[in-house]
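One-letter residues, chain by chain:
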Amino acid sequence: MKISKLTRRSAKGLFRSCLANGALDEARVRQTVTTVLAQKLRHYLAILEYFQRLVRWDLQRRTVRVDAAILPQPGLQRDMEQNLSRRYGAGLQFSYQQNSALIGGLRIQVGSDVFDGSIRARLTALQQRF
Amino acid sequence: MSTLLQDIESQISGVKTSVTKQNVGVVREIGDGVAKIEGLSDVMMNEMIDFGHGTMGLALNLEETEVGAIVMGDYLHIKEGQEVRTTGRLLQVPVGKGLLGRVVSVLGDPLDGKGPIANSGFYPVEKIAPGIIKRRSVSQPVQTGIMAVDAMIPIGRGQRELIIGDRSTGKTTICLDTIINQARINRAAEAAGDKDYRPLYCIYVAIGQKQSNLARVIKVLEEQGAMPYSIIVAACASDSATSQYLAPFAGCAMGEWFMDNGMDALIIYDDLSKHAQAYRQVSLILKRPSGREAYPGDVFYLHSRLLERAARLNEKSGNGSLTALPIIETQMGDVSAYIPTNVISITDGQIFLETDLFYQGIRPAINVGISVSRVGSAAQVKAMKQVAGRIKLELAQFRELAAFAQFGSDLDAQTQAKIERGKRIVEIFKQPQYNPVPLEIQAAILWTVQNGLFDDVPVEKVKDCQNKMTDFFTSRKTPLMARIAKEKAISEPLAADLKAAITEFKASYK
């Protein structure tokens with residue numbers, strides 16, 4: 001679906017109205033979607049599509065995915081979460097996955113930033129070097 | 001064995017053992033060589049993006065929630081949801097003298113099967129043109145070997161001269177003649193051990209050309225011995241629009257290396273009409289807003305930023321130069337179309353080729369009336385200035401009076417004489433392809449015309465007389481020609497000797 005400039009502007013306006021203290025308010029997002037669907041504004045489907053993209057983009061930006069060969073101890077998890085919150089701001093959502101393909105170490109993804117300290121990444125780098 | 005172990009050890013130690021930080025994104029959409037990517041929050045404009053499997057892309061559209069990138073090379077293995085990463089590098093091509101004599105792709109990969117290229121480094125494809133402080137005015141000539149061009153529309157080193165005309169009017173031939181002539185001059189200077197001579201290296205960029213045409217160009221350059229001084233950058237019609245869009249910039253980067261290192265280079269963009277079409281294709285797929293004739297709004301900037309990179313640098317900046325000969329193909333001789341008017345306004349002059357003249361047998365089919373060189377006359381050697389000054393005027397007068405030629409009997413003697421002189425000048429400027437004429441021969445022939453020594457030769461025999469005179473000058477008057485080439489001016493004693501030589505020739509000419 002082609003999204004016009006006006007539609008994008010409307011979606012961005014809705015998105016801004018869902019922010020509370022710089023962070024996305026989940027309740028406001030739900031309320032906005034319900035209201036737009038009920039009112040059936042002009043191009044409401046295109047507006048909601050772009051709004052969804054903005055919300056997804058914001059969620060991705062605030063989601064931290066931690067992949068580890070062995071899940072880290074709670075103490076280490078707490079330290080890691082504090083460090084990342086200091087760097088990227090409050091409101092981060094953490095998810096932990098066990099991934100044996102990493103062999104050892106951690107791979108942390110925050111939005112589009114990836115910190116890769118896994119054995120697999122080092123082996124790949126070594127392979128590319130040869 | 002110990003060296004091998006040391007090599008392995010150094011390579012292992014070179015690998016970072018600390019945590020690496022990368023910026024990644026996910027392919028959301030892929031098609032027609034263009035990918036839409038989500039993520040890549042730190043990507044830069046024109047940064048190379050790694051798609052994996054050795055495929056690279058170029059970030060061109062930086063939007064709020066996504067990045068539009070063009071894929072270089074095969075994109076069929078790229079899938080939706082695939083992870084891509086930034087590289088922190090701008091698109092670069094190999095540069096250096098190692099590229100001379102080679103046919104390369106847009107990324108500088110060899111296409112001629114002659115093995116790897118020994119490059120001297122890498123240059124970014126997009127670069128800001130030299131500023132006004134680094135430049136100086138055009139003062140040295142580019143000898144094309146085409147009499148009509150060297151006499152009436154002279155080109156200087158660092159100039160941008162547009163070659164414009166319909167299809168099959170000899171645009172590429174003019175450029176090939178120039179490359180061949182430069183190779184001949186470079187070879188002669190090398191053989192003579194002339195240390196003051198500055199060789200001119202040529203870069204031919206084929207954009208959207210048929211592969212058969214490019215093969216013919218390569219064959220001609222190889223046969224004429226011009227390849228050792230030339231680089232060919234190929235983005236043929238079968239290559240992606242992305243390659244065709246990037247090809248002139250890649251060729252320009254290769255030329256800039258010569259300029260930055262105090263050497264002279266000539267670059268031919270064959271042709272910028274197809275380049276604009278390739279850019280239009282890429283822009284439309286990237287969903288950029290379209291304007292006139294569906295070209296994007298920045299098509300003027302596309303060509304102006306490319307052609308501004310041709311320059312003559314001052315002594316402080318190395319005294320190098322990059323001359324550009326862009327080619328534009330017109331439709332039905334319409335020079336007022338969008339892309340032709342854009343490029344005409346950017347360049348320092350144009351050589352306009354006409355289909356009618358071509359089929360009348362006037363080849364090169366240059367329309368002298370609307371062809372112009374705005375800065376080249378400052379670079380013309382004195383000998384040519386002396387002999388060619390009046391030729392253009394006489395030819396223009398001839399064109400004005402040509403309409404009356406059919407009523408020859410009613411014309412006064414002066415007008416009749418002007419028409420007869422004009423007919424001879426037109427004949428003199430006819431020149432077969434791939435047969436450039438050296439400067440000294442051009443000067444001697446034009447001096448002969450200017451002094452009316454061809455006036456008693458019938459028009460239909462002028463060409464034959466000119467050819468025999470050229471043979472006479474090259475075989476029997478070599479010292480005289482060498483004097484013209486050395487002095488680069490026709491002094492009074494030289495003129496007397498030239499007149500004596502022509503009288504001697506005419507006595508024997510039948």
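Bear in mind the structure is a predicted one, so any value in this text is a computation, not a measurement.

Draft legend 1. Examining empty space enclosed by the protein more closely. All names here are of chain B. For the structure shown, the criterion picks out three cavities of 30 Å³ or more. Empty space within the largest cavity amounts to approximately 90 Å³. Lining the largest cavity we find Ala148, Met152, Ile362, Pro364, Ile366, Val368, Leu395, Arg399, Val426, Phe429 and Lys430. Those elements giving two or more residues to the lining of the largest cavity turn out to be helix H2 (147-152), helix H10 (382-401) and helix H11 (413-429). Class assignment for the residues of the lining of the largest cavity results in nine nonpolar, no polar and two charged.

Draft legend 2. Seen up close, the packing of helix H5 (residues 241-260) of chain B against helix H6 (residues 272-285) of chain B. All names here are of chain B. Running from N to C, H5 and H6 cross one another at 130°; their axes reach a closest spacing of 8 Å. On the basis of the axis angle, H5 is oblique to H6. Our pair here, H5 against H6, has a crossing hand that is left-handed. Only Lys274, His275, Ala278, Tyr279, Gln281 and Val282 of H6 make contact with H5, whose side of the interface consists of Ala241, Thr242, Gln244, Tyr245, Pro248 and Phe249.

Draft legend 3. Representation of the environment of Thr330 of chain B. All names here are of chain B. Position of Thr330 relative to the elements: it lies in the loop between strand S16 (321-329) and helix H8 (338-346). Setting aside chain neighbours within four positions, we find Thr330 in contact with Ile164, Gly165, Asp166, Arg167, Val335 and Pro340. Engagement of the side chain of Thr330 in a polar contact is seen with the side chain of Asp166, the distance being 2.6 Å.

Draft legend 4. The arrangement of the nonpolar core in detail. All names here are of chain B. Formed by 152 residues in total, the largest nonpolar core has its most connected members in Tyr269, Phe429 and Phe473. Broken down by element, the residue count for this core peaks at twelve residues, all from H5. With residues up to four places along the chain from it excluded, the contact list for Tyr269 reads Val205, Ile207, Pro248, Cys252, Leu306, Leu307, Ala324, Leu325, Pro326 and Ile327. If you look at the next biggest cluster of nonpolar residues, it comprises 13 residues, including Val43, Ile49, Val71 and Ile78.

Quick notes on the rules
Residues numbered from 1 in each chain as written. Chains lettered and ligands numbered in written order. Predicted model: local features only at pLDDT ≥ 70, side-chain atom pairs only at ≥ 80, totals over all residues. Heavy atoms only, no water. 1 Å grid on protein atoms, 1.4 Å probe; cavity = no way out; pocket = protein on both sides within 12 Å on 5 of 7 lines; lining within 4 Å. Points joined across faces, edges and corners; volume = space filled by probe spheres on them. Helix = DSSP H or I, 4+ residues; strand = E, 2+ residues; numbered from the N terminus. Nonpolar A, V, L, I, M, F, W, Y, C, P; charged D, E, K, R; others polar. Axes fitted to C-alpha atoms, helices over the stretch in contact; angles between N-to-C directions. Parallel < 35°, antiparallel > 145°, perpendicular 65-115°, else oblique. Left-handed = near helix turned anticlockwise from the far one by under 90°. Contact = heavy atoms within 4.5 Å. Polar contact = N/O pair within 3.5 Å; in protein donor to acceptor, adjacent residues only side chain to side chain. Core = buried A, V, L, I, M, F, W, Y, C linked by side-chain atoms within 4.5 Å. Buried < 20%, exposed > 50% of the residue type's maximum accessible area, 1.4 Å probe, protein only.

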